[in-house]
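Inside the fold
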Amino acid sequence: MTARPDADMQAVLDAHAALGARPIESLTVEQARTQPSPADAVNRVKTMIGLPTAPDAGVTTRDLAYPTGGATQPVRVYKPAGASGSNLPVVVYYHGGGWVIADLDVYDATPRAMAKALNAIVVSVEYRKGPEHKFPAFYEDANNAWQWVQQNAASWGGDPMNIAVAGESAGGNLALNVAIAARENGWTAPKAILAVYPIADANPQLPAKIENTASLPLRTPTLGWFGQYALRSPADQTDPRYNLVAANLRGLAPVTIVNAQIDPLRSDGETLMGALRAAGVSVERRVWDGAVHEFFSMADVVADAREAQTWSFGRLRTALR
């Protein structure tokens, strides 16, 4: 690791360590799924500095399910508490976790903040994960969720034509793939795409992967651990759904990429930006120095996260007017 986290970022990392979190690649899948999450660390910091840990009551939630893979998966529909009418913008959001860990609860902060900031309905999507359901099950689920939201958004007061897609980490990869699938299949396309530190480039020699072999909460060996459980074999890394820089990116809506300096996925964002521009897609990317992977959802206690949300949500707001 060649950079140091900012003080408020380090406070969250210290809290995570104090809760007993260990590097993911040292754990079994079950241990990784049940150990304290970065969201737990944020709540610890909030308690230490006297901030409430209860979710913002200015946003209501409703838990539903969509059909996929012969069964159903959960979604959580976020809506501003005072919102009414039938034409709210809609954002479909896919959480992170390397397609192996995490869930809607761990990634509650981002869709909640997004719904409030955009005065929009945000649908946070759960999907099947490895090793129980390996690649490409999570892509099937992401696409099915997109179509299901299109069919149901009006019943929640949303406008299914005024829609964007967003995701963090593995979810950022899913967000781009949903936009590609919409183009390929003639579905309603998102007006904007937000990809927060997306998995996008299988090249193991990218600068950020060389630099961040010891960064937390995500470091380069952790990416291999996720791949071991999420992919059927290393050959899946050459699939353009995983290796997005090799995908057909033409005709996509404007893309916003958020990256953290201290993150093995930082260079993925850079090469993805280049591939998008080469395909003629409008793209803007910013990197936050002193921030680590997972910082984006920590706006209550990390200044860089507040700035990143303000910038990226502002770009979504412009697209959804």
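Structure first, text after, so check above.
What you are looking at is a predicted structure, and each value in this text was computed from that prediction instead of being measured.

Focus on the packing of aromatic side chains
Under the definition given, this model contains 14 aromatic pairs. Judged by centre distance (6.1 Å) and plane angle (50°), the ring pair of W99 and Y139 falls under tilted. Taken together, the residues W99 in the loop between β3 (88–94) and α4 (109–118) and Y139 in helix α5 (residues 137–152) connect sequence positions 40 residues apart. For W99, a relative accessible area of 2% translates into the label buried. When the ring of F135 is compared with that of F138, the centres are 6.3 Å apart and the planes differ by 70°; the resulting orientation is edge-to-face.

Focus: the packing of α4 against helix α10 (residues 303–319)
Between α4 and α10, the shortest axis-to-axis distance is 10 Å and the interhelical angle comes to 55°. With respect to α10, the axis of α4 lies oblique. Crossing of α4 over α10 shows right-handed handedness. Here T110, A113, M114, A117 and L118 of α4 lie close against α10, whose contacting residues are Q309, F313, L316 and R317. Across the contact of α4 with α10, the residue classes break down as 6 nonpolar, 2 polar and 1 charged.

What about a nonpolar patch on the surface?
Together, M48, I49 and L51 make up an exposed nonpolar region whose accessible area comes to about 320 Å². Structurally, I49 is set in the loop between α3 (38–48) and β1 (59–68). Residue class for I49 comes out exposed when judged on its relative accessible area of 55%.

Points about the pairing of strand β2 (residues 71–80)
Here β1 runs beside β2; their pairing, made up of 10 bridges, is antiparallel. If you follow T61 over to β2, its bridge partner there is Y78. In textbook terms, the turn of a hairpin is the stretch between consecutive antiparallel strands, and for β1 and β2 this stretch comprises 2 residues, one of which, G69, has a positive phi near 60°. Summarising the sheet, β2 and strand β4 (residues 121–125) pair through 4 bridges and their orientation is antiparallel. The partner of V77 across the bridge, within β4, is V123.

Basis of the calculations
Residues numbered from 1 in each chain as written. Predicted model: local features only at pLDDT ≥ 70, side-chain atom pairs only at ≥ 80, totals over all residues. Heavy atoms only, no water. Phe/Tyr/Trp six-rings, centres within 6.5 Å; stacked < 30°, edge-to-face > 60°. Helix = DSSP H or I, 4+ residues; strand = E, 2+ residues; numbered from the N terminus. Buried < 20%, exposed > 50% of the residue type's maximum accessible area, 1.4 Å probe, protein only. Axes fitted to C-alpha atoms, helices over the stretch in contact; angles between N-to-C directions. Parallel < 35°, antiparallel > 145°, perpendicular 65-115°, else oblique. Left-handed = near helix turned anticlockwise from the far one by under 90°. Contact = heavy atoms within 4.5 Å. Nonpolar A, V, L, I, M, F, W, Y, C, P; charged D, E, K, R; others polar. Patch = residues over 30% accessible without salt bridge, like charges linked within 9 Å, V, L, I, M, F, W, Y side chains within 5 Å. Areas by Shrake-Rupley, 256 points an atom, 1.4 Å probe, with all protein chains shown as cover. Salt bridge = Lys/Arg side-chain N within 4 Å of Asp/Glu carboxyl O. Pairing = 2+ DSSP bridges.

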